[in-house]
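# Reading the structure
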Amino acid sequence: MNTKTIGGFLILLITLSACGTPYQVKKLSVKQNDYLDAAIEATAIQSEALVLASEKLVLQATERIDQLAKEDTERFSTLLADETLSAEEVSQALTQYAASMETANRNKIKLLEDLATIREQSQELQEYLKQLKQVHVALDAYIQSEKAGEAVVNDVLNLPGIEALVQQMNNRIPTLTNGLNQLNQTIESLGVTND
Amino acid sequence: MTKQELDEKIEELEQALEGLPPLQKTLNESKIGQLKMQIQGMTLSDIKEKLETISLPEKNDIEANIEAATDATQAQNKRVDAFNKVYGFIKGRLGLG
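What counts as what
Sequence order as written defines residue numbering, which begins from 1 separately in each chain. Starting at A for chains and at 1 for ligands, labels are handed out in the order in which the entities are written. pLDDT decides what is reported in this predicted model: residues at 70 or higher carry local features, side-chain atom pairs at 80 or more are listed and counted, and totals for whole chains, interfaces and linings draw on all residues regardless. Based on all heavy atoms of the structure, the side-chain values leave hydrogens and waters out of the count. The numbering of helices and of strands both runs from the N terminus, where a helix is a DSSP run of H or I of at least 4 residues and a strand a run of E of at least 2. Type-normalised accessible area, obtained with a 1.4 Å probe on protein chains alone, sets the label of each residue: buried when under 20%, exposed when over 50%, and partly exposed for intermediate values. Only the protein chains shown count as cover for residues, with accessible areas throughout obtained via the Shrake-Rupley method and a probe of 1.4 Å. Ring pairs shown here join Phe, Tyr and Trp side chains whose ring centres sit within 6.5 Å, with only the six-membered ring taken for Trp; geometry is labelled stacked below 30 degrees between planes, edge-to-face above 60, and tilted in between. A helix's residues, less one, multiplied by 1.5 Å, set its expected span. Contacts between residues were defined by any pair of non-hydrogen atoms, one from each residue, lying within 4.5 Å. As used here, buried area is the combined drop in accessible area, with a 1.4 Å probe, of two parts when they are placed together. Criterion for a salt bridge: a side-chain nitrogen of Lys or Arg within 4 Å of a carboxyl oxygen of Asp or Glu. Two N or O atoms count as a polar contact when they lie within 3.5 Å, although within protein this holds only if one can serve as hydrogen donor and the other as acceptor, and sequence-adjacent residues are included solely when both atoms are side-chain atoms. In this description, a nonpolar core means a group of buried Ala, Val, Leu, Ile, Met, Phe, Trp, Tyr and Cys residues linked to one another through side-chain atoms lying within 4.5 Å. Fitted lines through C-alpha atoms give the axes, limited to the stretch in contact for helices. The angle between two N-to-C directions lies from 0 to 180 degrees. Here the word oblique covers every angle except those under 35 degrees (roughly parallel), over 145 (roughly antiparallel) and from 65 to 115 (roughly perpendicular). Each residue gets one label: Ala, Val, Leu, Ile, Met, Phe, Trp, Tyr, Cys and Pro are nonpolar, Asp, Glu, Lys and Arg are charged, and the others, such as Gly, are polar. Surface patches are defined over residues having more than 30% relative accessible area and no salt bridge, joining like charges when they lie within 9 Å and nonpolar side chains (Val, Leu, Ile, Met, Phe, Trp, Tyr) when within 5 Å. In this tally, Lys and Arg are treated as positive and Asp and Glu as negative; His is ignored, and so are the chain termini. A charge is said to be at NZ when it belongs to Lys, at CZ for Arg, at CG for Asp and at CD for Glu.

The next point concerns the overall build of chain B. The secondary structure content of chain B amounts to four helices and zero strands. In chain B, which comprises 97 residues, the share counted as buried stands at 28%. Counting every atom, chain B has about 6600 Å² of accessible surface; 54% of that belongs to carbon and sulfur.

Written as structure tokens, this is what we have:
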């Protein structure tokens, strides 16, 4: 193997060692998973608190509606006990009473529907954050994936990784520049033999 | 109109009912009662409406983008693996190993 081939080989190694994602970026990417986990947990707690508060409000409002309905029932019971009312007046009173009970039921249902919407929206927000994390997991897979590039180094040179390669290159490059004899020694130490 | 203003209006209406004949009084009291029920029914309306203004990106779009990126990353890894194999082969042929 001539020096030109060795030069090409070294350029390849240097290029490979320079291609990786910087360590700080990889670290930030891993940290981002933690940051997103914290946001997911905080939103979950906040959503739970909102739903709990809403449930209490529904309970209170339902009790008030029931109380208003009860008052109406008593009111109409008293009115209908009056025997001087005409048939038409009784009918008018009964129609109004039925409407009142219908209003009570409709509004109690509305409260439950609104509560369901609040639950769904809170759930959706949590799902969205979880999905945001999935987005980052996919990005992180790519950011970390020059491990695959490092596999080139492992496979070709039997070195533990880019860092070791850089270290080894740092150690060897000055040696290589010190003359043919030393170059030959280095070639031997790299396990490279001339054909 | 705030809830307090609404309550004040209702109180005014209730006072105006004094002196009406029993049937008219009961019918109107019942109507006011229904108004109160509707106010109770609106307890969660503000919270619900606020939450409904949240606009999130389409779930399917996000999933599709995640899948595309994951596939591309895997394809990239396969290319690197393939390169490793070819490089290993060439290295062997050249007697570099």
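This is not the end of the story, as more comes after the structure.
Let's shift gears to the packing of aromatic side chains. Within a pair of aromatic rings, the relevant descriptors are the distance that separates the centres and the angle that separates the planes. Residues and elements named next belong to chain A. Under the criterion given, the structure shown has one aromatic pair over all chains. Here Phe76 and Tyr97 contribute two aromatic rings whose centre-to-centre distance is 5.4 Å and whose plane-to-plane angle is 55°, an arrangement assigned as tilted. A residue pair is termed long-range when its members are at least 10 positions apart, and Phe76 in helix 2 (residues 23-80) and Tyr97 in helix 3 (residues 87-143) qualify at 21 residues. Judged by its relative accessible area of 22%, Tyr97 is partly exposed.

Before going further, it helps to spend a moment on helix 2 (residues 22-41) of chain B. For helix 2 of chain B, spanning 20 residues, the distance from its first C-alpha to its last is 28 Å, which sits close to the expected 28 Å at 1.5 Å a residue. All of the buried residues along helix 2 of chain B are Leu23(B), Thr26(B), Leu27(B), Ser30(B), Ile32(B), Gly33(B), Gln34(B), Met37(B), Ile39(B), Gln40(B) and Gly41(B). Where helix 2 of chain B is buried, its residues meet helix 2 and helix 3 of chain A together with helix 1 (3-16) and helix 3 (45-52) of chain B.

Okay, the environment of Tyr97(A) next. Along the primary structure Tyr97(A) and Thr73(A) are separated by 24 residues, whereas in three dimensions their C-alpha atoms are 7.5 Å apart. Setting aside anything within four residues of it in sequence, one finds Tyr97(A) in contact with Asp72(A), Thr73(A) and Phe76(A).

All right, on to the side chain of Asp140(A) then. All names here are of chain A. Examined against the element boundaries, Asp140 turns out to sit in helix 3. Asp140 sits in the buried class, given a relative accessible area of 12%. What Asp140 contacts, discounting residues up to four positions off in sequence, is Ser29, Val30 and Asn33.

So, on to the interface of chain B and chain A. Of the residues lining the interface, 43 residues belong to chain B; the matching set on chain A comes to 54 residues. Interface area lost by chain B to chain A is led by Leu23(B), Met37(B) and Leu44(B), which between them contribute 16%. Joining chain B to chain A, the criterion identifies two salt bridges. Of the charged contacts, one joins Asp114(A) and Lys48(B) as a salt bridge, the two residues approaching to 3.5 Å between their closest N and O atoms. If you look at where chain B meets chain A, you find eight residue pairs in polar contact (both at pLDDT 80 or more). Breaking the side of chain B that touches chain A down by element, the ones donating at least two residues are helix 2, helix 3 and helix 4 (59-94) of chain B.

Relative to the helices and strands, Ser47(A) resides in helix 2. Among all residues touching Ser47(A), those that are not within four sequence positions of it are Ser122(A) and Gln126(A).

Next up on the list: the nonpolar core. The tendency in soluble globular proteins is for nonpolar side chains to be buried side by side. Judged by nonpolar contacts, Val58(A), Ala61(A), Ile65(A), Leu68(A), Ala69(A), Ala104(A), Leu111(A), Leu115(A), Ile118(A), Met37(B), Leu44(B) and Leu51(B) together constitute the single largest core of twelve residues. Sorting the residues of this core by element identifies helix 2 and helix 3 of chain A as the ones contributing at least two each. Beyond its immediate sequence surroundings of up to four residues, Met37(B) is in contact with Ile65(A), Leu68(A), Ala69(A), Ser100(A), Thr103(A), Ala104(A) and Asn107(A). Residues Phe76(A), Leu85(A), Leu23(B) and Leu27(B) belong to the second largest nonpolar core, which totals six residues.

The N-to-C vectors of helix 2 of chain A and helix 2 of chain B enclose an angle of 170°; their axes lie 9 Å apart at closest approach. As far as their axial angle goes, helix 2 of chain B and helix 2 of chain A are roughly antiparallel. Facing helix 2 of chain A, whose interface residues are Ala61(A), Arg64(A), Ile65(A), Leu68(A), Ala69(A), Asp72(A), Arg75(A), Phe76(A) and Leu79(A), helix 2 of chain B presents Pro22(B), Leu23(B), Thr26(B), Leu27(B), Glu29(B), Ser30(B), Gly33(B), Lys36(B), Met37(B), Gln40(B) and Gly41(B). Grouping the constituent residues of the contact of helix 2 of chain A with helix 2 of chain B by class yields ten nonpolar, five polar and five charged.

This brings us to a negative patch on the surface. Residues and elements named next belong to chain B. Taken together, the side chains of Glu5, Glu8, Glu11 and Glu12 present a region of like negative charge at the surface. Checked against the element boundaries, Glu5 lands in helix 1. What makes Glu5 partly exposed here is its relative accessible area of 40%.

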